[in-house]
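Structure assessment
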Amino acid sequence: MSAALPLGENQTELARDARVERALAFALALPCLIVVALCVLIPCGWLFYLSAFGNDGSLSWENYERVSSGASYGRIFITTFEVSLLTVLACVGIGVPFAAFVNSLPPRVAGLFVAAVLLPFWTSLLVRAYAWLVLLQRNGLINTALIDMGLTEAPLDLAFNWFSTVLGMTHIMLPIFILPVLGAMRNIDPGMIRAAASMGASWGLTMRRVFLPLAAPGIIAGAILVFVMSLGFYVTPAILGGGNVQVISMRIARSLSNFSNWGAASALGVLLLLFTGALLALGLMAQRLILGARKGQDHA
Amino acid sequence: MTVIALSTVAPPETGGARTAAVEIEALCKSYGSFRALDAVDLSVRPGEFIAILGPSGSGKSTLLMAVAGFSRPDSGRIVFGGRDIVREPAAKRGFGVVFQNYALFPHMTVLENVAFPLQVRKLRPAEARERAEAALRTVKLDGFGGRQIGALSGGQRQRVALARAIVFEPQILLMDEPLSALDKSLREEMQIEIRELHDKLRITTLYVTHDQREALTIADRIAVMDQGRIVQIDTPEVIYRRPQTSFVARFIGEAAILPVGALAPAAVVGALAAGRPRAVIRSEDFCLTPPGGDAAPVQVSGKVQNLVFQGDSWLIRVRLADGTAIDVRAQRQFSDQVARLAPGAEIALWLPADRLHFLAEEA
């Protein structure tokens, strides 16, 4: 359409201004791009490079063949994904109702609850993992209390298993999940809820048909974030899993610390990166499918 | 005193299934020390279209939200269908509501939006679809069912909101400034359409607006609100011609409010005023020539301060002897007289006696 218009006399000047503006905007992003290049792209390239050399220093598929042939590696990958998925489910199950509750509060009170969620975010991962151990281990607070109350005779196995691992990871991931979900819920016009009520919809129906679908973009974003971060978790599964929950990060660490095998460790890292990338792409596609159907909703 | 025949007759009661009466009795609502509703009484007849008109903060939206069930009044009753519904949740009342920002569901299509209240009522999908499409036809949006809300213009969204509010055949329709987001020409078009829709469906309607012209255009009766009270409720013509307070006179139309003493001759005006101290004169009622036939025309004079051509009329600001400025709207018929005027010129204004309205002393 613009081609049909006659060129104005300011055209060249305007084009130059636009170029300058773009260059300035790019300059703003430059520091960040340099950091990304140094800290992400180069190490990742190095990882690919290392994974391609066998023990004898020659170019080979050796590292990848070992991963694909050993059943234990498959098991570890599955465990990693399962633990991450359970963490996501726990975050959704706890985080969505909590965010909906906080969203319904008056702003000042809501701020307190958000602060309460963010508070554990400021303590170290290690401290939180050991804090859970204090509570969960065989002679920990919970078991002692249960035995003292006579509710159980022998201590329960609460620590060093899947339960404690997922619990610890959920605890760490919850703030990361809740923030985008709360953001999405904040953007929902309270008028929508009133409108649904005015049409006779019950609370449950309003939640299912109006509130949750409108919060879905935030829930999906939070879930993807939690899932991807959980895949690379090391400290929490190592401490709270107590060796009974083998995730991929632990195997990578062992390859390096016990065997100094950079090739094998790199191959595992590359595979994790590829799997994560593939899942992320799937998740984003799903999100686009949901959102694509309602483009332009925001300028209501 | 001559009195113009004003239409004070409410529309005929149709007795259709869709029409119902609402009685609002002594409704009060406070936010902290602010009295949003101060003992509001309002009796809405079946099938009637009432505009609730007032400036922002006058309580008009609070009143509507109380009827809708979104805001619980501190005291008072809302009687509908023979019982007090104040404690009934909004979802149980079954009133259609059109919101100021429409509150359409962005994740649903136009048809899904309009069918939503029918799904809530567990209609068969085929029937729900049929009725939703019929409602879209009613608001002149046939063929728009598959559109996304984001792809609609403001006026189209407004129509979808209207269709969604009437599709389940509510007995009461509540509208909260539904046209305020539209531009002027579209707003005026929609006013006529909403009025036509009401004449067709005869759903009892409460319509909140701050636009006096909109209220005059659309309503059977106008309830003027100020500071949490209904200060006057009557037909548009009575509200315009016979305002009961200076607030109503000033809020609706252009009016000069003058002490009776500013008008001459004193004997004639005194007899008309019958003890009431102030006269309300609509700016378009001033004549620049003596009206024919009137034995003793009422007159007021002053100096022209300025005059502005506004297309359909001239707006003349006149400063009276006591210093008050009044606005006079001179129609085309007086263009000869206006042509002779200039700022500073003496001007004589005549008033047909039947256009004079007097206000009693206000507390």
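The structure presented is a predicted model; accordingly, all values stated were derived computationally and were not measured. Residue numbering note: each chain is counted from 1, following its sequence as written. Here the convention is simple: chains get letters from A, ligands get numbers from 1, in the order in which they are written. Thresholds applied to this predicted model are a pLDDT of at least 70 for local features of residues and 80 or more for the giving and counting of side-chain atom pairs; totals over whole chains, interfaces and linings are not thresholded and use all residues. Excluding hydrogens and water, the side-chain figures rest on all heavy atoms present in the structure.

Considering the overall build of chain A
The number of helices and strands found in chain A is 12 helices and zero strands. Here chain A has a C-alpha radius of gyration of 25 Å; the compact-globule value for 300 residues is 19 Å, and the former is much larger. With respect to the three principal axes, the spread of C-alpha positions in chain A is 85 × 65 × 30 Å. The cut-offs for exposure are 20% and 50% of the maximum accessible area for each residue type, with area from a 1.4 Å probe on protein chains only; residues under the lower value are buried, those over the upper are exposed, and the others partly exposed. Across the 300 residues that make up chain A, the buried fraction comes to 38%. Contacts between residues were defined by any pair of non-hydrogen atoms, one from each residue, lying within 4.5 Å. Taking all contacts inside chain A whose residues are at least 6 apart in sequence as the whole, residues at least 24 apart take part in 69%. Numbered from the N terminus, helices here are DSSP runs of H or I no shorter than four residues, and strands are runs of E no shorter than two. Only C-alpha atoms enter the radius of gyration, while the globule expectation follows 2.2 Å times N to the 0.38, with N the number of residues.

Re the overall build of chain B
Secondary structure assignment for chain B yields 11 helices and 17 strands. Once the C-alpha set of chain B is aligned to its principal axes, its extents read approximately 75 × 45 × 40 Å. Looking at the 363 residues of chain B, the share that counts as buried comes to 52%. Long-range contacts, defined here as pairs at least 24 residues apart, represent 68% of the contacts in chain B between residues at least 6 apart. Working note: accessible area of chain B is about 15900 Å², and carbon and sulfur atoms make up 50% of it. Here, Shrake-Rupley sampling with a 1.4 Å probe gives the accessible areas, and only protein chains in the shown set may cover a residue.

Focus on the domain arrangement of chain B
Residue and element names in this part refer to chain B. An automatic or database domain assignment is the source of the domain bounds shown. Assigned domains within chain B: domain 1 (3–246) and domain 2 (255–359). Between the C-alpha centres of domain 1 and domain 2 the distance comes to 39 Å. With nine residues of domain 1 in contact, the opposing surface of domain 2 contributes 11 residues. Roughly 780 Å² is buried in total at the junction of domain 1 and domain 2, and carbon and sulfur atoms are behind 47% of that figure. For salt bridges, the criterion is a side-chain nitrogen of Lys or Arg within 4 Å of an Asp or Glu carboxyl oxygen. On the surface where domain 1 and domain 2 come into contact, there are one salt bridge. Here a polar contact means two N or O atoms within 3.5 Å. Within protein one must be a hydrogen donor candidate and the other an acceptor candidate, and residues neighboring in sequence count only if both atoms are side-chain atoms. For the pair domain 1 and domain 2, the interface holds four residue pairs in polar contact (both at pLDDT 80 or more). No other element matches helix 8 (residues 236–241), which puts three residues into the side of domain 1 that touches domain 2. Only Asp, Glu, Lys and Arg are considered charged in this grouping, and only Ala, Val, Leu, Ile, Met, Phe, Trp, Tyr, Cys and Pro are considered nonpolar; every other residue, Gly among them, is considered polar. Looking at side-chain class alone, the side of domain 1 that touches domain 2 contains four nonpolar, three polar and two charged residues. Simply put, the buried area is the total loss of 1.4 Å probe accessible area from both parts when two parts are fitted together.

With respect to the interface of chain A and chain B
Taken together, the 23 residues of chain A in the interface contact 24 residues of chain B. Of the roughly 2000 Å² buried at the junction of chain A and chain B (both faces included), carbon and sulfur atoms supply 64%. Taken together, the connections running from chain A to chain B amount to zero salt bridges. There are four residue pairs in polar contact (both at pLDDT 80 or more) connecting chain A and chain B. At the level of secondary structure, the elements contributing two or more residues to the side of chain A that touches chain B comprise helix 8 (190–198) and helix 9 (203–231) of chain A. Considering only residue class, the side of chain A that touches chain B consists of 12 nonpolar, six polar and five charged.

What about a nonpolar patch on the surface?
Each patch is assembled from residues with relative accessible area greater than 30% and no salt bridge, linking like charges that lie within 9 Å and nonpolar side chains (Val, Leu, Ile, Met, Phe, Trp, Tyr) that lie within 5 Å. A cluster of nonpolar side chains, contributed by Phe26, Leu30, Leu33, Ile34, Val36, Leu38, Val40, Leu41 and Ile42 of chain A, occupies part of the molecular surface with about 810 Å² of accessible area. On the basis of relative accessibility, which here comes to 35%, the residue Val36 of chain A falls in the partly exposed class.

Quick notes on the side chain of Glu177 of chain B
All names here are of chain B. One can find Glu177 in the loop between strand 7 (172–176) and helix 6 (184–201). Glu177 gets classed as buried once you look at its relative accessible area, which sits at 8%. The residues touching Glu177, leaving out its near neighbours within four places in the chain, are Lys60, Gln100, Val208, Thr209 and His210.

Some remarks on helix 8 of chain A
Here helix 8 of chain A has its buried residues at Gly191, Met192, Ala195, Ala196, Ala197 and Ser198 of chain A. Where helix 8 of chain A is buried, its residues touch helix 9 of chain A together with helix 2 (90–93), strand 6 (96–98), helix 3 (110–120) and helix 5 (154–166) of chain B. The N-cap of helix 8 of chain A, judged by a side-chain oxygen 2.7 Å from the amide nitrogen of Gly191 of chain A a few residues on, is Asp189 of chain A. Positive backbone phi, approximately 95°, marks Gly200 of chain A, located one or two places after helix 8 of chain A.

What to know about the environment of Pro180 of chain A
Within the secondary structure, Pro180 of chain A is located in helix 7 (residues 162–186). Distance in space between the C-alpha atoms of Pro180 of chain A and Leu256 of chain A is 36 Å, their sequence separation being 76 residues.

Let's talk about unusual backbone geometry
Residue and element names in this part refer to chain B. Cis geometry marks the peptide bond from Ala264 to Pro265, where omega comes out at -10°. Inspection of the secondary structure puts Pro265 in the loop between strand 11 (255–259) and helix 10 (266–273). In this structure, Ala39 takes a positive phi of about 55° despite not being glycine. With respect to the helices, strands and loops of the structure, Ala39 is situated in strand 2 (residues 34–44). We classify Ala39 as partly exposed; its relative accessible area is 38%.

Focus on the pattern of salt bridges
Two side chains with opposite charge may pair up if their charged atoms get near one another. Residue and element names in this part refer to chain B. Summed over the entire model, instances satisfying the criterion amount to 24 salt bridges over all chains. Across the pair Glu189 and Arg159 runs a salt bridge, and its minimum N-O distance is 3.7 Å. Placement of the pair is Glu189 in helix 6 and Arg159 in helix 5, with a sequence separation of 30 residues. Glu189 sits in the partly exposed class, given a relative accessible area of 41%.

With respect to the pairing of strand 1 (residues 22–31) of chain B
Residues in a regular strand point their side chains to alternate faces of the sheet. Residue and element names in this part refer to chain B. Pairing between two strands requires that DSSP report at least two bridges joining them. Pairing of strand 1 with strand 2 involves seven bridges; the strand directions are antiparallel. Along strand 2, the bridge assignment pairs Glu23 with Ser43. The antiparallel pairing of strand 1 with strand 2 creates a hairpin that spans two residues between the two strands, and Gly32 there sits at a positive phi of about 65°. For strand 1 and strand 4 (residues 75–80), the ladder comprises five bridges, and the chain directions are antiparallel. Its bridge partner lying in strand 4, Cys28 is registered against Ser75.

A few points about the domain arrangement of chain A
Residue and element names in this part refer to chain A. If you check the domain split of chain A, you get domain 1 (1–51) and domain 2 (71–299). Distance between the C-alpha centres of domain 1 and domain 2: 35 Å. Taken together, the contact pairs five residues of domain 1 with seven residues of domain 2. Summing both sides of the interface, domain 1 and domain 2 together bury roughly 530 Å²; the carbon and sulfur share of this comes to 87%.

Concerning the sheet that holds strand 15 (residues 325–330) of chain B
All names here are of chain B. The antiparallel open sheet is built from four strands, whose spatial order is 15-14-13-16. Among the strands making up the open sheet, the edge pair consists of strand 15 and strand 16 (346–351). Along the sheet, successive strands turn relative to each other by an average axial angle of 50°, direction set aside. The sheet contact formed by strand 13 (residues 298–309) and strand 14 (residues 314–320) spans seven bridges and is antiparallel. In the sheet register, Lys303 faces strand 14, and the bridge partner there is Arg319. Fitted lines through C-alpha atoms give the axes, limited to the stretch in contact for helices. The angle between two N-to-C directions lies from 0 to 180 degrees.

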